[in-house]
Amino acid sequence: MPLIFRRAIEADLPAIIAMLADDELGRQREDTSVSVADCYRDAFKVISADKNQYLAVAEQEETVIGTLQLTFLPGLSHQGQWRGQIESVRISSAARGGGIGRQFLEWAIATCKEHGCSIIQLNSDKSRSDAIRFYESLGFAASHEGFKLKV
């Protein structure tokens, strides 16, 4: 069954939010109490209006089965080269294990390269050991220690 990778539209939000909430960490931080909370619609509008943001979905047989967000970051380091940041990678639990995640990440990497990125980076919660192994299998290296401050 062919996969389609495309820019998300607002109608995709219920499926995206469901995937974000479909694990132990996601259940703690996502709001699935209503179809689509206003905070998600507001964030979607900001993301959609920013040329350096690309909220993507993977679709198979007209069903959204994956999502990720690409952010293209300009910078001065590395002689002014761009970075691609990959965030919020999710594949629906029903579609996992069939290579869809690998195809989606390969598409994301190619999209970052097309945008002129020379470095592609991502973060994964340390508790997501399967995801970490998956990213390593794609060539990503845990080269830096990441920090977050929730305010």
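Engineer: Tell me about the overall build of the chain, and please be specific about residues and values.
Structural biologist: Within the chain, the regular secondary structure consists of six helices and five strands. Mapped from its N terminus to its C terminus, the chain presents α and β elements in the order β-α-α-α-β-β-α-β-α-β-α. The C-alpha radius of gyration computed for the chain amounts to 15 Å, which stays within 12% of the reference 15 Å derived for 151 residues, consistent with globular compactness. For the chain, with 151 residues in total, the buried portion stands at 39%. When contacts within the chain are restricted to residue pairs at least 6 apart in sequence, long-range pairs at least 24 apart make up 59% of them. Of the accessible surface of the chain, which amounts to about 9500 Å², a share of 53% is contributed by carbon and sulfur atoms. Distance from the positive charge centre (17 side chains) to the negative charge centre (20 side chains) of the chain: 5 Å.

Engineer: Provide a residue-level description of the pairing of strand β2 (residues 53–60), including the pertinent values.
Structural biologist: Side-chain positions along a regular strand alternate between the two faces of the sheet. Of all eight residues in β2, eight are buried; the element is thus mostly enclosed. Side-chain alternation along β2 places Gln53, Leu55, Val57 and Glu59 on one buried face and Tyr54, Ala56, Ala58 and Gln60 on a second face that is also buried. For strand β1 (residues 3–7) and β2, the ladder comprises five bridges, and the chain directions are antiparallel. Within β2, the residue paired with Arg7 across the bridge is Ala56. Note: β2 against strand β3 (residues 63–73), eight bridges, orientation antiparallel. The partner of Tyr54 across the bridge, within β3, is Leu70.

Engineer: Could you give an account of unusual backbone geometry, with specific residues and numbers?
Structural biologist: Notably, Glu62 is not glycine yet its phi reads approximately 65°, a positive angle. Secondary-structure assignment places Glu62 in the loop between β2 and β3. Positive phi, normally seen in glycine, also occurs at Gln79, with a value near 60°.

Engineer: Got a sec to walk through helix α1 (residues 13–20)? Specific residues and values, please.
Structural biologist: Among the residues making up α1, those that are buried are Leu13, Ile16, Ile17, Met19 and Leu20. Down the axis, α1 shows its buried residues gathered within 160° of arc, on one side only. Looking at the buried residues of α1, the elements they touch are α2 (24–29), α3 (38–49), β2, β3 and β4 (82–91).

Engineer: Explain the environment of Thr67 to me, and be specific about the residues and the numbers.
Structural biologist: By the secondary structure assignment, Thr67 is in strand β3. Accessibility expressed as a relative area gives 1% for Thr67, which makes it buried. In the structure, Thr67 is positioned 34 residues away from Gly101 in sequence and 9.5 Å away in space, judged by C-alpha atoms. Ignoring anything within four residues of it in the chain, the contact list for Thr67 reads Ile16, Met19, Leu55, Ala56, Val57, Ser88, Val89, Arg90 and Phe104. At 3.0 Å, the side chain of Thr67 and the backbone oxygen of Ala56 are in polar contact.

Engineer: Break down the confidence of the model for the chain for me, with residues and values.
Structural biologist: For the chain, per-residue confidence averages 93 on the pLDDT scale, and 100% of positions sit at 70 or higher. Ranking the elements of the chain by mean pLDDT puts α2 last with 75 and β2 first with 98.

Quick notes on the rules
Residues numbered from 1 in each chain as written. Predicted model: local features only at pLDDT ≥ 70, side-chain atom pairs only at ≥ 80, totals over all residues. Heavy atoms only, no water. Helix = DSSP H or I, 4+ residues; strand = E, 2+ residues; numbered from the N terminus. Rg over C-alpha atoms; globule rule 2.2 N^0.38 Å. Buried < 20%, exposed > 50% of the residue type's maximum accessible area, 1.4 Å probe, protein only. Contact = heavy atoms within 4.5 Å. Areas by Shrake-Rupley, 256 points an atom, 1.4 Å probe, with all protein chains shown as cover. Lys, Arg positive; Asp, Glu negative; His and termini not counted. Charge placed at Lys NZ, Arg CZ, Asp CG, Glu CD. Pairing = 2+ DSSP bridges. Arc of directions from axis to C-beta. Polar contact = N/O pair within 3.5 Å; in protein donor to acceptor, adjacent residues only side chain to side chain. pLDDT = per-residue confidence, 0-100.

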